[in-house]
Amino acid sequence: MSARTVLGVALLTLTLAIGRAQAAPPVEAPIAIAIHGGAGTIERAALGPDQRKAIEVDLARALEAGHSILREGGSSLDAVTAAVVVLEDSPYFNAGKGAVFNADGRIDLDAAVMVGSQQRAGAVAALTRVRNPVLAARAVMEQSPHVFMIGAGAQRFAREQGLAMVSPSYFRTEARWQQYLSARQRGREATALVPGVNPRPYGTVGAVAVDRQGEVAAATSTGGMTMKRYGRVGDVPVIGAGTWAEPGCAVSATGWGEFFIRSNAAHEICARVRLAGTPMPEAASQVVEGAIPRLGGDGGVIAIDAQGNIAMPYSSAGMYRGRISVDGARSIAIWAEGE
Ligand code: ASP
């Protein structure tokens, strides 16, 4: 072999080696996702096997919608949005189609999204015509200089953004209407509920996820509480109360919104991790099973950190929830795991 050929081969080998080094996949963070379909009084007797199956199927669909995005290298924001859209479109959860009625017999919808690294956030409240409120919240975050938009203005903005608009009757389901009629007959206002005495109808959907870049995100969507008063807004779109994300910590809540607002619950969990070094699952339990019940409220959260650790504590009778952990293990539960 001539000296020229040797040099040529050496150069070629070097070029291939550099090419391989460039093509090598970067070190990737583990991915994981958790979702909830609301916490509250979920009576075993009232939940027939067919309905339970249908609810579990939709929870599984939402998990898969989010996780498939993460598997393909998509963002946690895309994943939580996709998961929540599935749950909003399902008639079984109190968000989008199937949301609860307020004291006026109308449906008002709230939603929020938040991304950890830059603490970007978007929220909407009191929507009546936007098919997927979570998409409106995301549009506020991505397409406006604002964080929180409400009512007619938020709706106008959503329309301008080309989001699907529907008639308010689209959200109505017979089951929710009957729930409303019986609550009204009993003269029960949401604000008059007493923990442990009056059953609180479950509601709200949410998702938290971490993507291959280690970015966390949270999304939450709700119809609020049955018989809530006109104009009432709960914790879901209040950034820090029902929805929160910061670097390495994201939380989506469900429960008695007034108490989650008063304890700034979602932010409080991440603050305990950041400031006190409390492990995330412990911080979530401290707030959900300690601080909120101490004030008189109840509910639950799903929380995730950058390593994909997931916590799903609740202080209510049950919480629809599901997760796909970093090892790919899937689980869906309503009461204690395995029940
Ligand atoms: N947190 C919601 C609200 O208060 C309701 C729920 O999660 O059940 O609006």
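As the structure is a prediction and not an experimental result, all values here were calculated from the model.

Criteria and thresholds
Residues numbered from 1 in each chain as written. Predicted model: local features only at pLDDT ≥ 70, side-chain atom pairs only at ≥ 80, totals over all residues. Heavy atoms only, no water. Near = heavy atom within 4 Å. Polar contact = N/O pair within 3.5 Å; in protein donor to acceptor, adjacent residues only side chain to side chain. Areas by Shrake-Rupley, 256 points an atom, 1.4 Å probe, with all protein chains shown as cover. Nonpolar A, V, L, I, M, F, W, Y, C, P; charged D, E, K, R; others polar. UniProt positions renumbered as here; feature names shortened; annotations may be inferred. Helix = DSSP H or I, 4+ residues; strand = E, 2+ residues; numbered from the N terminus. Contact = heavy atoms within 4.5 Å. Pairing = 2+ DSSP bridges. Axes fitted to C-alpha atoms, helices over the stretch in contact; angles between N-to-C directions. Buried < 20%, exposed > 50% of the residue type's maximum accessible area, 1.4 Å probe, protein only. Expected span 1.5 Å × (residues − 1). Disulfide = S-S within 2.5 Å. Phe/Tyr/Trp six-rings, centres within 6.5 Å; stacked < 30°, edge-to-face > 60°. Core = buried A, V, L, I, M, F, W, Y, C linked by side-chain atoms within 4.5 Å. Salt bridge = Lys/Arg side-chain N within 4 Å of Asp/Glu carboxyl O.

Quick look at the site of the ligand now. By nearness alone, eleven residues border the ligand, and Thr204, Arg232, Asp235, Thr254 and Gly255 come closest of all. Gly255 has a polar backbone atom sitting 2.6 Å from a nitrogen atom of the ligand. A distance of 3.0 Å separates an oxygen atom of the ligand from a polar atom in the backbone of Gly257. Protein contacts shield 100% of the accessible area of the ligand, which totals 270 Å² for the unbound molecule. Class assignment for the residues of the shell around the ligand results in one nonpolar, seven polar and three charged.

With that settled, consider the UniProt feature "active site" (unreviewed entry) in the protein. In this structure's numbering, the residues bearing the UniProt feature "active site" (unreviewed entry) are Thr204. Summarising the element assignment, Thr204 is placed in the loop between α6 (174-185) and β5 (205-210). Contact partners of Thr204, with chain neighbours within four places excluded, come to His36, Gly37, Gly38, Asn94, Thr220, Ser221, Thr222, Val236, Ala253 and Thr254.

Before going further, it helps to examine the sheet that holds strand β8 (residues 249-255). The strands that make up a sheet pair up through hydrogen bonds in the backbone, lying either parallel or antiparallel. Taken in spatial order, the four strands line up as β7-β8-β9-β10 in an open sheet, and their pairing is antiparallel. Strand pairing shows two members of the sheet lacking a second neighbour, β7 (243-246) and β10 (310-311), which therefore form its edges. Each of β9 (299-305) and β10 touches helix α9 (residues 280-295); the most contacted strand, β9, lies at about 160 degrees to it.

Within the secondary structure, Gly203 sits in the loop between α6 and β5. Residue classification places Gly203 among the buried residues on the basis of a relative accessible area of 4%. Remark: the alpha-carbon pair of Gly203 and Thr226, spanning 23 residues in sequence, is separated by 9.0 Å. Apart from residues no more than four positions distant in its own chain, Gly203 is found in contact with Gly37, Gly38, Ala39, Asn94 and Thr254.

Moving on to the sheet that holds strand β6 (residues 216-222). Read across the open sheet, the eight strands follow the order β4-β3-β2-β6-β5-β1-β11-β12; overall the sheet is mixed. Each edge of the open sheet carries a strand with a single partner, namely β4 (148-150) and β12 (330-333). Neighbour-to-neighbour, the strand axes of this sheet turn through a mean angle of 10 degrees, independent of strand direction. Two strands pair when backbone bridges link them, and β5 and β6 are joined in this way by six bridges, in the antiparallel orientation. Bridging across to β6, Val208 finds its partner in Ala218. Each of β1 (32-40), β5, β11 (318-324) and β12 touches helix α2 (residues 49-71); the most contacted strand, β1, lies at about 150 degrees to it. Helix α3 (residues 76-89) contacts β1, β2 (109-115), β5 and β6 of the sheet and is inclined by roughly 160 degrees relative to β5.

With that settled, the discussion passes to α2. Between the first and last C-alpha of α2 there are 32 Å, a value that for 23 residues agrees with the 33 Å anticipated at 1.5 Å per step. By the burial criterion, the buried members of α2 are Ala54, Ile55, Asp58, Leu59, Ala62, Leu63, Gly66, His67, Ser68 and Leu70. Looking one or two residues beyond α2, the residue adopting positive phi is Gly73, at roughly 90 degrees.

Time to look at the state of the cysteines. One pass over the full model with this rule turns up one disulfide. Cys249 shares a disulfide with Cys270; S-S distance 2.1 Å. Of note, the bridge from Cys249 to Cys270 carries an S-S torsion of about -80 degrees and is left-handed in sense. With Cys249 in strand β8 and Cys270 in helix α8 (residues 265-276), the pair connects residues that are 21 residues apart, well separated along the chain.

By the definition in use, this model includes six aromatic pairs. Ring centres of Phe101 and Trp177 lie 5.0 Å apart, and the angle between their planes is 70 degrees; this geometry places the pair in the edge-to-face category. A residue pair is termed long-range when its members are at least 10 positions apart, and Phe101 in the loop between α3 and β2 and Trp177 in helix α6 qualify at 76 residues. The exposure class assigned to Phe101 is buried, which follows from its relative accessible area of 4%. Considering the side-chain rings of Trp256 and Phe259, the 5.1 Å spacing of their centres and the 85 degrees angle between planes classify their relative orientation as edge-to-face.

Residues Ile33, Ile35, Val124 and Tyr320 are the most contacted members of the largest nonpolar core, which totals 56 residues. Of the residues forming this core, the biggest block, eight residues, is contributed by α3. Judged by nonpolar contacts, the second largest core, of 38 residues, contains Val288, Ala303, Ile304 and Ala311.

For the coordinates displayed, the defined rule picks out 13 salt bridges. For Glu160, the salt bridge is made with Arg156, and the minimal N-O distance between the two is 3.4 Å. Here Glu160 and its partner Arg156 are both found in helix α5 (residues 151-160), four residues apart, which amounts to about one turn of the helix. Judged by its relative accessible area of 56%, Glu160 falls in the exposed class.

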